[in-house]
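Structural overview
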Amino acid sequence: MPRISYVNGAYVPHQRACVHIEDRGFVFADGVYEVIGLINGKYADECGHLDRLERSMRELQINPPKTRDAIRFIMRELVRRNRLQNAAIYLQVTRGTAKRDFKFPTADTPSTLVMMCWPFNYDANPNVQNGVKVCSVPDQRWARRDIKTVALLPQVLAKQKAAEQGCYEALMLDGDGMINEGGASNFWIYKDGVLKTHQADQSILKGVTRTAVCDIAAKHNIKIVEGPFGLDEAINADEAFCTSATALIVPVVQIDDHVLGDGKPGPLARKIYHYYRDYADHEKQQLYWVY
Ligand code: PLP
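In this numbering scheme, every chain counts its residues from 1 along its sequence in written order. Residues qualify for local features only when their pLDDT is at least 70, as the model is predicted, and side-chain atom pairs are given and counted only at 80 or more; totals for whole chains, interfaces and linings, by contrast, use all residues. The side-chain quantities take in all heavy atoms of the structure and omit both hydrogens and water.

So, about the sheet that holds strand β5 (residues 87-94). Read across the sheet, 6 strands follow the order β2-β1-β6-β5-β3-β4 without closing on themselves; strand pairing throughout is antiparallel. Two strands lie at the open edges of the sheet, namely β2 (10-13) and β4 (42-43), each paired on one side alone. Any two strands are treated as partners once DSSP identifies two or more bridges connecting them. Starting at the N terminus, helices and strands are each numbered in turn, a helix being any DSSP run of H or I of at least four residues and a strand any DSSP run of E of at least two. Alignment of strand β1 (residues 4-7) against strand β6 (residues 112-119), held across 2 bridges, turns out to be antiparallel. Across the sheet, Tyr 6 pairs through a bridge with Met 115, a residue of β6. Relative to the sheet, helix α2 (residues 46-59) contacts β3 (31-39), β4 and β5, its axis offset from that of β3 by approximately 175°. Contact between two residues is taken to exist if any of their heavy atoms lie within 4.5 Å; hydrogens are not considered. Where helices are involved, their axes are fitted lines through C-alpha atoms of the stretch in contact, as for all axes, and angles between N-to-C directions lie from 0 to 180°. Those strands touched by helix α3 (residues 68-82) are β1, β2, β3, β4, β5 and β6, and its axis lies near 35° from that of β6.

In this section: the packing of helix α6 (residues 208-219) against helix α8 (residues 267-282). Remark: α6 packs on α8, axes separated minimally by 10 Å, with the N-to-C direction vectors making an angle of 105°. As summarised for this structure, α6 and α8 are arranged roughly perpendicular, according to the angle between their axes. The residues of α8 that touch α6, namely those facing Thr 209, Ala 212, Val 213 and Ile 216, are Ile 272, Tyr 275, Tyr 276 and Tyr 279. Relative orientations are named as follows: roughly parallel for angles under 35 degrees, roughly antiparallel for angles over 145 degrees, roughly perpendicular for angles from 65 to 115 degrees, and oblique for any other angle.

Here the focus is the nonpolar core. In this structure, Phe 187, Leu 195 and Ile 255 are the most contacted members of the largest nonpolar core, which totals 41 residues. Residue assignment for this core shows that the elements contributing at least two residues are β7 (132-138), β8 (169-173), β10 (186-191), α6, α7 (231-235), β13 (239-244), β14 (248-255) and α8. In terms of residue count, α8 provides more of this core than any other element does, 6 residues in total. Buried Ala, Val, Leu, Ile, Met, Phe, Trp, Tyr and Cys residues that are joined via side-chain atoms within 4.5 Å together make up what is termed a nonpolar core. Exposure is judged per residue with a 1.4 Å probe applied to protein chains only, and the accessible area is read against the type maximum: over 50% gives exposed, under 20% gives buried, and values in between give partly exposed. Grouped together as the second largest cluster of nonpolar side chains are 25 residues, Met 57, Ile 74, Met 75 and Leu 91 included.

We now examine unusual backbone geometry. Of note, Leu 248 is a non-glycine position whose phi angle comes to about 65°, a positive value. Examined against the element boundaries, Leu 248 turns out to sit in strand β14.

Moving on: the environment of Pro 64. Within the secondary structure, Pro 64 sits in the loop between α2 and α3. Taking C-alpha positions, Pro 64 is 9.1 Å from Arg 95, a pair spaced 31 residues apart along the chain.

Before going further, it helps to spend a moment on a nonpolar patch on the surface. Taken together, the side chains of Leu 153, Val 156 and Leu 157 define a hydrophobic patch exposed on the protein surface, amounting to about 300 Å² of accessible area. Relative accessible area serves as the criterion here: at 49%, Val 156 is assigned to the partly exposed category. A patch consists of residues whose relative accessible area exceeds 30% and which take part in no salt bridge; residues with like charges are grouped when within 9 Å of each other, and nonpolar side chains (Val, Leu, Ile, Met, Phe, Trp, Tyr) when within 5 Å. Exposure was quantified through the Shrake-Rupley algorithm and a 1.4 Å probe, taking into account, for residues, occlusion by the shown protein chains and nothing else. Salt bridge criterion: a side-chain nitrogen from Lys or Arg within 4 Å of a carboxyl oxygen from Asp or Glu.

The subject of this paragraph is the environment of Arg 58. Mapped onto the secondary structure, Arg 58 falls in helix α2. Note on Arg 58: relative accessible area 56%, which makes it exposed.

On to the site of the ligand. Proximity is defined per residue: if any heavy atom of the residue lies within 4 Å of a molecule or strand, that residue is considered near it. The full set close to the ligand counts 18 residues, and Lys 148, Glu 181, Val 208, Thr 209 and Ala 245 are the nearest of them. Here a polar contact is taken to be a pair of N or O atoms separated by no more than 3.5 Å, where protein atoms must pair a possible hydrogen donor with a possible acceptor and residues adjacent in sequence count only if both atoms sit in side chains. Arg 52 has a polar side-chain atom sitting 2.9 Å from an oxygen atom of the ligand. Measuring from an oxygen atom of the ligand, one finds a backbone N or O atom of Ala 245 at 2.9 Å. Taking 390 Å² as the accessible area of the ligand by itself, protein coverage stands at 93%. When each cavity is represented as a set of grid points, the ligand is found to reside in the largest pocket. Mapped onto the shell around the ligand, the elements with two or more residues apiece are α2, β9 (179-182), α6 and β13. Cavity: a set of points on a 1 Å grid over the protein atoms alone where a 1.4 Å probe fits but cannot get out. Pocket: an open set with protein on both sides within 12 Å along at least five of seven lines, its lining residues, like those of a cavity, having an atom within 4 Å of a point. Any molecule with more than half of its atoms within 2 Å of a cavity's or pocket's grid points is regarded as sitting in that cavity or pocket.

A separate point is the domain arrangement of the protein. Many authors give the size of an interface as the accessible area that is lost as the parts come together. What the domain assignment lists for the protein is domain 1 (4-119) and domain 2 (126-280). Either an automatic procedure or a domain database provided the assignment from which the domain bounds are taken. When each unit is reduced to the centre of its C-alpha atoms, the spacing between domain 1 and domain 2 is 26 Å. Every contact between the two is made by 22 residues of domain 1 and, on the other side, 21 residues of domain 2. Buried area is a sum: the accessible area each of two parts loses on coming together, probed at 1.4 Å, counted once for each and added. Interface area, domain 1 with domain 2, both sides summed: about 1700 Å², of which 60% is carbon and sulfur. The largest contributions to the domain 1 side of the interface with domain 2 come from Tyr 33, Asp 45 and Arg 52, which together make up 36% of the buried area. At the boundary of domain 1 and domain 2, one finds 2 salt bridges. Between Arg 144 and Glu 59 there is a salt bridge, with its nearest N and O atoms 2.9 Å apart. Between domain 1 and domain 2 we count 8 residue pairs in polar contact (both at pLDDT 80 or more) in total. Broken down by secondary-structure element, the contributors of at least two residues to the side of domain 1 that touches domain 2 are β3, α2 and β5.

Spelled out as structure tokens, the structure:
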């Protein structure tokens with residue numbers, strides 16, 4: 001069955017899915033995106049992702065290309081056409097196509113909306129089973145990391161460096177050696193019964209999975225501190241893990257040359273993973289259309 005993607009109003013074979021060479025996403029990285037997990041037919045944290053997409057557009061004054069309901073409808077139609085039950089769904093909005101000029105194009109320029117999806121096996125992710133190694137790199141991103149833009153070159157370079165060292169993720173360090181987050185995930189440590197993650201300010205992306213994990217921890221009486229911590233503190237943690245929409249909760253067993261604990265995924269990371277899966281299974285789905 002051919003893979004189908006969505007581009008500006010049309011469902012097209014994936015190989016032919018393209019935007020104009022003067023699309024501002026292509027020329028200036030002038031766009032925002034979201035990745036949403038489809039887990040056993042359910043859109044995990046859909047509302048949180050669409051809230052964040054709307055916030056990202058608002059912060060950058062990008063005109064929403066469609067209403068939220070229309071975006072939901074397109075997503076479901078895309079999933080239906082690709083016959084998927086377990087997938088990652090990618091949505092991107094750019095400021096549209098216009099003659100190359102740095103300043104915003106005229107207000108009537110239609111924004112670009114593209115969507116694609118691919119199968120994702122949430123039940124057999126070896127990173128979740130075995131844990132992963134991560135490395136630390138300087139955070140070279142811009143100052144508004146709370147906006148989910150497609151300007152991802154620093155993450156591309158960080159993730160490439162991580163891959164070259166056999167690592168799953170790169171921890172982004174600020175100038176004082178404090179850990180902001182992963183290249184494409186939020187980062188957590190657990191020590192002496194306290195779970196810690198960076199506060200949600202402009203130096204990190206406030207992950208939708210992060211928010212769910214905060215809620216889960218509160219529900220299960222796990223103490224959480226949202227605040228700064230450095231590499232030294234992370235290396236001495238009892239456990240660590242990364243969170244993101246498709247990887248979910250990935251235990252970290254090594255940071256640079258330092259093995260955490262016994263080098264195996266810790267019990268808290270496993271517990272939170274199962275709590276999250278349960279939460280995603282039982283999340284109330286906002287279904288507007290029945291096929
Ligand atoms: N931080 C960054 C920089 C990311 O790119 C991502 C996801 O892509 C996350 C955190 C995790 O966010 P979410 O849980 O919403 O996927």
